[in-house]
Amino acid sequence: MSTFFPGTEQLVLCHDPRAGLRAVIAIDDSTLGPALGGVRMRAYPSEEAAVTEARRLAAAMTLKNAAADLPYGGGKSVILVDGPIVDREALLRSFGDFVRRCDGTYLPGVDMGTSVEDLAIVGEAGAEVACDEEDPAPWTALGVFAALREAVRTVDARDDLDGVVVAVQGLGHVGARLARLLADAGARLVLADVDAARAASLAEELGATVVGPDAITGVECDVLAPCATARVLDATTVGRLRARIVAGAANDVLADRRIAGVLAERGVAYVPDFVANAGGVIHIHALRARWSPDRLEEAVLAIGERTADVLARAAAEGRSPLEVAESTARARIVRAHPDPAARLRRAAA
Ligand code: NAI
């Protein structure tokens, strides 16, 4: 198990020409429980690209679920789309049959390109599905808010966000909610979205400033909150960065794990994405385990404590927060492994 070059415990290549299905199920690690992770449906330039994405995203889910103290391993699946889908229901049923054959090891949820309704069809084939029938975004936003607040507390030794300048990139389901939570807490906001009208209307509501989508990563601010697409911090954008803290919802924020080292060297506190954005998976578990709303809120707000711990240990140990968060998640998996020999092998890996 690793973040960007995963080992992958099990890889299932699914092919059903009658249903027009080509899909990949990647189970990265199931030590902590069924490998929970969404079903992504989109076009890929090649089958290899689909396999690579499924494995990479599955590995990230392993870390996210372990870091959030949830009883799930990490998995992800992708359904390859090339051209118009003739019979979506037949395609999803066929995919559901492949998931069923995984015998509970893979627990699929919604991801880019699939909906709660799609997952219900997947489930009809007899596979268990993790359906978040309510929108998880409010919980994701609350978790990111908790992470961001604790990052400011740790870095600046202050308890409030009054006047703290936060640049929010992406004002969709999560970003807009995060912006409102931040505005309520007194933060000053700089907003950007490729949808200019969306940015303008939220800015008017919150009294915020708007910049263009290309400018947001270079805005002078205390915190950059990436809540849009993946891999926004690369060799170029990291050079332009004028934030002291990075904490947001977007998965896969770093184009390359070496960027975590660059950020640490520059004194930028980076809250690993899989730590900050776990509110959605915590919500899935809360629904499955029938937690009370109070218990769910407490578990999501605990993302703040985890953030403080990761940042404090990174500073004390001279490591990047990414290294600290990964090693904490891995240690939990190693401790949980039932086979002592495998525990030793994993600890040494
Ligand atoms: P969304 O699709 O509702 O919102 C994304 C927003 O970003 C849209 O308003 C879009 O116009 C904007 N955008 C796209 N490209 C942009 C760019 N280059 N610059 C500025 N804005 C851009 O997505 P959602 O649900 O808000 O998720 C945001 C991020 O958080 C995604 O990376 C997602 O994978 C991640 N995430 C979301 C969770 C959830 O509960 N929705 C859970 C965990 C992670």
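Structure's up top.
The structure displayed is predicted, hence computed values, not measured ones.

(A) Spotlight on the overall build of the protein. In terms of helices and strands, the protein carries 13 helices and 11 strands. In summary, the protein has a C-alpha radius of gyration of 20 Å against a globular reference of 20 Å for 349 residues, a match within 12%. With the C-alpha coordinates of the protein rotated into their principal frame, the extents come out at 55 × 50 × 45 Å. Put simply, the protein has 349 residues, and 53% of those count as buried. For the protein, the proportion of contacts with a sequence separation of at least 24, taken over those separated by at least 6, is 65%. Only carbon and sulfur atoms are counted for the fraction: they give 51% of the accessible area of the protein, which is about 15,200 Å². Each charge class in the protein was averaged separately, 38 positive and 49 negative side chains, and the resulting centres sit 4 Å apart.

(B) A look at the site of the ligand. As a structural note, the neighbourhood of the ligand is formed by 21 residues, with Thr140, His173, Asp193, Arg198 and Ala228 the closest of them. A distance of 2.6 Å separates an oxygen atom of the ligand from a polar side-chain atom of aspartate 193. Bound to the protein, the ligand loses 73% of the 830 Å² it would expose on its own. For the shell around the ligand, the secondary-structure elements that each account for two or more residues are helix H4 (137–156) and helix H5 (173–184). Broken down by class, the residue content of the shell around the ligand amounts to 10 nonpolar, 8 polar and 3 charged.

(C) A look at the packing of helix H2 (residues 88–101) against helix H3 (residues 116–124). It is the contact of H2 with H3, at a shortest axis distance of 7 Å, that shows an interaxial angle of 55°. Relative to H3, the element H2 lies oblique. The handedness of the crossing between H2 and H3 is right-handed. On H3, the residues touching Arg88, Glu89, Leu92, Arg93, Phe95, Gly96 and Val99 of H2 are Asp118, Ile121, Val122 and Glu124. Of the residues contributing to the contact of H2 with H3, the split by class is 5 nonpolar, 1 polar and 5 charged.

(D) Seen up close, helix H8 (residues 258–265). Looking at H8, one finds that the buried residues are Ile259, Ala260 and Leu263. End-on, the buried residues of H8 take up no more than an arc of 105°, which puts them together on one face. In H8, the exposed positions angled more than 90 degrees off the buried face are occupied by Arg258 and Glu265. Those residues of H8 that are buried are in contact with helix H7 (235–240), strand E11 (269–270) and helix H12 (321–336).

(E) Seen up close, a negative patch on the surface. On the surface, a cluster of negative charge is made up of Asp294, Glu297, Glu298 and Glu305. By secondary structure assignment, the location of glutamate 297 is in helix H11 (residues 293–317).

(F) Region of interest: the nonpolar core. Counting residues in each nonpolar core, the largest one holds 53 residues, and the members touching the most others are Leu148, Val166, Val168, Leu182, Leu189, Leu191 and Ile282. The greatest single-element share of this core, amounting to 10 residues, is contributed by H4. Once residues lying within four places of it in the same chain are set aside, the contact partners of valine 168 are Gly175, Leu182, Leu189, Val190, Leu191, Ala192, Ile216, Ala225 and Cys227. Among the nonpolar cores identified, the runner-up in size contains 35 residues, and Leu63, Val190, Ala250 and Ala325 belong to it.

(G) Examining the side chain of glutamine 169 more closely. The topology assignment puts glutamine 169 in strand E6 (residues 165–169). Since its relative accessible area comes to 11%, glutamine 169 is described here as buried. The contact partners of glutamine 169, leaving out residues within four places of it in the chain, are Ala192, Ile216, Thr217, Ala225, Pro226, Cys227, Ala228 and Val232.

(H) Inspection of the packing of H11 against H12 at higher detail. As a packed pair, H11 and H12 sit with axes 8 Å apart at the nearest point and diverge in direction by 115°. By the criterion of interaxial angle, the relationship of H11 to H12 is roughly perpendicular. When you trace H11 past H12, the crossing you get is right-handed. Note on element contacts: H12 touches H11 through Pro321, Val324, Ala325, Ser327 and Thr328, opposite Val310, Leu311, Arg313, Ala314 and Glu317. Of the residues belonging to the contact of H11 with H12, the class tally is 6 nonpolar, 2 polar and 2 charged.

Rules and cut-offs
Residues numbered from 1 in each chain as written. Predicted model: local features only at pLDDT ≥ 70, side-chain atom pairs only at ≥ 80, totals over all residues. Heavy atoms only, no water. Helix = DSSP H or I, 4+ residues; strand = E, 2+ residues; numbered from the N terminus. Rg over C-alpha atoms; globule rule 2.2 N^0.38 Å. Buried < 20%, exposed > 50% of the residue type's maximum accessible area, 1.4 Å probe, protein only. Contact = heavy atoms within 4.5 Å. Areas by Shrake-Rupley, 256 points an atom, 1.4 Å probe, with all protein chains shown as cover. Lys, Arg positive; Asp, Glu negative; His and termini not counted. Charge placed at Lys NZ, Arg CZ, Asp CG, Glu CD. Near = heavy atom within 4 Å. Polar contact = N/O pair within 3.5 Å; in protein donor to acceptor, adjacent residues only side chain to side chain. Nonpolar A, V, L, I, M, F, W, Y, C, P; charged D, E, K, R; others polar. Axes fitted to C-alpha atoms, helices over the stretch in contact; angles between N-to-C directions. Parallel < 35°, antiparallel > 145°, perpendicular 65-115°, else oblique. Left-handed = near helix turned anticlockwise from the far one by under 90°. Arc of directions from axis to C-beta. Patch = residues over 30% accessible without salt bridge, like charges linked within 9 Å, V, L, I, M, F, W, Y side chains within 5 Å. Salt bridge = Lys/Arg side-chain N within 4 Å of Asp/Glu carboxyl O. Core = buried A, V, L, I, M, F, W, Y, C linked by side-chain atoms within 4.5 Å.

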